[in-house]
Structure formats: structure tokens, C-alpha cells
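Coordinate analysis (summary)
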Amino acid sequence: APSLQILDATCEGTSDDNTFKHIQMDKLRSFHLRLGRTQVASNDQLSSFFEHLTLPSLESLTISCHSLVDYSPVNASLLGLISRSQASISILILDSSEVREEHLISLLRLLPKLQRLHLGGMKSVNMVVSSLTSTGENEIEDDLCPQLELMRIKDIDVLSLSRLSDCIISRWTGSGKSKDQN
């Protein structure tokens, strides 16, 4: 039986093949995809790849993408992969300048078991940080990523320190507002 548990791939170069068979990898726990510094593949190829993949045991997902201009690795195809796989992902690492905040928030909604979140290279994460701020209403279970234990943010162009402060305080004390605002 196939037993691959960790897939760590760096994609460089291009491919003219745009057809994929459905792949279900039942034992894969960690998937790390780095899209190289050169033009790697067309947007359609990457989307098609995600659309034909199911990873029910996935625990850790890492995507680094800096080479594809106007391509967000967090898109409908990746959201479909996560939804279809129904995996208990606890670690998410995204490093890409093209991630759109609204898509990232949609992805985080699919990851209630997320414990570690690493975000890098993005233009802004203000909406994401606001969404991760615990409201204090109906306990944290109703909030986005209630089991989040570690949040690493680096190389972000725009980050509101007041929003980040509110998020940290809410995760620390269970309150949605900093003491100055109460």
C-alpha cells in the first residue's frame, strides 16, 4: 500500500501537460510546495493540480509562491482541496505576495483545528488579524481558529499595530478589545 507521509517539492521550469488524474493520498501528513523564483507553471496547471488532489490525513500545509505574478495560491482550487479532503490541518504556512486576504479568511474558516499559522511576504493581513480577534461572545469556539497557539507574521507590507494588539489581547484574555477601549 502507498505509504508516502511527507511531500516536499520545489517546482522550477514549466510543463506542457495540463491533464491530471485524481490522486488520493491517504497517508500524506505534510505537504510543502515551493514554487520557484522562475516562471514555474501556468495558473491553470496549478489550479488543475489542486482540483485533482485529495489529502484526508493532511496535518501540515506549506505553500511558498513568489514567482507567479497575479497568482494567489489560496484560490477556489485550494479551498476545494481542503474542503474535499476534510483533513485536520494543524499547521498552515503561507509565504506569497499574491495571497488575497478574503481568500485566506475563507481558508481559515475551513481549518478549525489550526494550531500554528505562519504568514509571510503578503501585502496586508489587517483583515485576517481582525478576523482572528476573539469576539468573546459564545466563547472562543465560535471564533476563527479557536485552537490557534502560534501565529508568526513576517515581511508584511501593511500591518495595523492596533488590530494586531487587539488580536493578541483577545487571544490572551478572551476579550475582543484592548484595555484602552473598554
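A short tour of the structure in this document, coming up. (Residues numbered from 1 in each chain as written. Predicted model: local features only at pLDDT ≥ 70, side-chain atom pairs only at ≥ 80, totals over all residues. Heavy atoms only, no water.)

**Structural notes on the overall build of the protein**
- Tallying secondary structure elements over the protein gives five helices and eight strands in all.
- In sequence order, the protein lays out its α and β elements as β-β-β-α-β-β-α-β-α-β-α-β-α.
- For the protein, the residues scored as buried account for 42% of the 182 residues in total.
- Pairs at least 24 apart in sequence give 77% of the contacts found in the protein among residues at least 6 apart.
- A total of about 9,900 Å² of accessible surface is found on the protein, and carbon and sulfur atoms cover 49% of it. (Helix = DSSP H or I, 4+ residues; strand = E, 2+ residues; numbered from the N terminus. Buried < 20%, exposed > 50% of the residue type's maximum accessible area, 1.4 Å probe, protein only. Contact = heavy atoms within 4.5 Å. Areas by Shrake-Rupley, 256 points an atom, 1.4 Å probe, with all protein chains shown as cover.)

**Some remarks on the state of the cysteines**
- All told, the structure shown has zero disulfides when counted by the stated rule.
- Note on Cys145: no disulfide assigned, nearest cysteine sulfur contributed by Cys167 at a separation of 9.8 Å. (Disulfide = S-S within 2.5 Å.)

**Looking at the pairing of strand β7 (residues 116–120)**
- Buried residues dominate β7, accounting for four of its five residues.
- Two elements, strand β6 (residues 91–96) and β7, share five bridges in a ladder whose sense is parallel. Bridged to Leu92 within β7 is Leu117. (Pairing = 2+ DSSP bridges.)

**A few points about the nonpolar core**
- Counting 42 residues, the largest nonpolar core has Leu92, Leu104, Leu107 and Leu108 as the members making the most contacts within it.
- Leaving out residues up to four positions away in the same chain, Leu104 has contacts with Val74, Leu92, Leu94, Val99, Leu119, Met122 and Val128. (Core = buried A, V, L, I, M, F, W, Y, C linked by side-chain atoms within 4.5 Å.)

**What to know about helix α3 (residues 101–109)**
- Turning to α3, its buried residues number three or more, namely Glu101, Leu104, Ile105, Leu107 and Leu108. Down the axis of α3, the sector holding all buried residues measures 160 degrees, keeping them to one side.
- Buried residues in α3 make contact with α2 (76–85), β6, β7 and α4 (126–132). (Arc of directions from axis to C-beta.)

**Points about the pattern of salt bridges**
- Using the criterion set out here, one finds three salt bridges in the structure.
- Where Lys123 meets Glu98, a salt bridge forms, and the shortest distance between an N and an O atom there is 3.5 Å. Residue Lys123 is found in the loop between β7 and α4, and its partner Glu98 is found in the loop between β6 and α3; the two are separated by 25 residues along the sequence.
- Looking at Glu98, the relative accessible area reads 16%, which means it is buried. (Salt bridge = Lys/Arg side-chain N within 4 Å of Asp/Glu carboxyl O.)

**Focus: the environment of Ser134**
- Mapped onto the fold, Ser134 is located in the loop between α4 and β8 (150–154).
- For Ser134, a relative accessible area of 3% translates into the label buried.
- Separated by 37 residues in the primary sequence, Ser134 and Arg171 have C-alpha atoms spaced 6.2 Å apart.

**Describing the environment of Ile168**
- You can see Ile168 is positioned in helix α5 (residues 161–173).
- Measuring from C-alpha to C-alpha, the distance between Ile168 and Ser134 comes to 9.0 Å, with 34 residues separating the pair along the chain.

**With respect to the side chain of His118**
- On the secondary structure map, His118 appears in strand β7.
- Within the structure, His118 has its side chain in polar contact with the side chain of Arg152 (distance 3.3 Å).
- Filtering out sequence-adjacent residues up to four positions away, His118 remains in contact with Leu92, Ile93, Leu94, Leu150 and Arg152. (Polar contact = N/O pair within 3.5 Å; in protein donor to acceptor, adjacent residues only side chain to side chain.)

**Here's the deal with α5**
- The end-to-end C-alpha separation of α5 is 18 Å, in line with the 18 Å expected for 13 residues at 1.5 Å each.
- Considered for burial, the residues of α5 that qualify are Leu164, Asp166, Cys167 and Ser170. Viewed along the axis of α5, the buried residues span an arc of 160 degrees, placing them on a single side of the element. Looking at α5, the residues exposed on the side facing more than 90 degrees away from the buried face are Leu161 and Trp172. (Expected span 1.5 Å × (residues − 1).)

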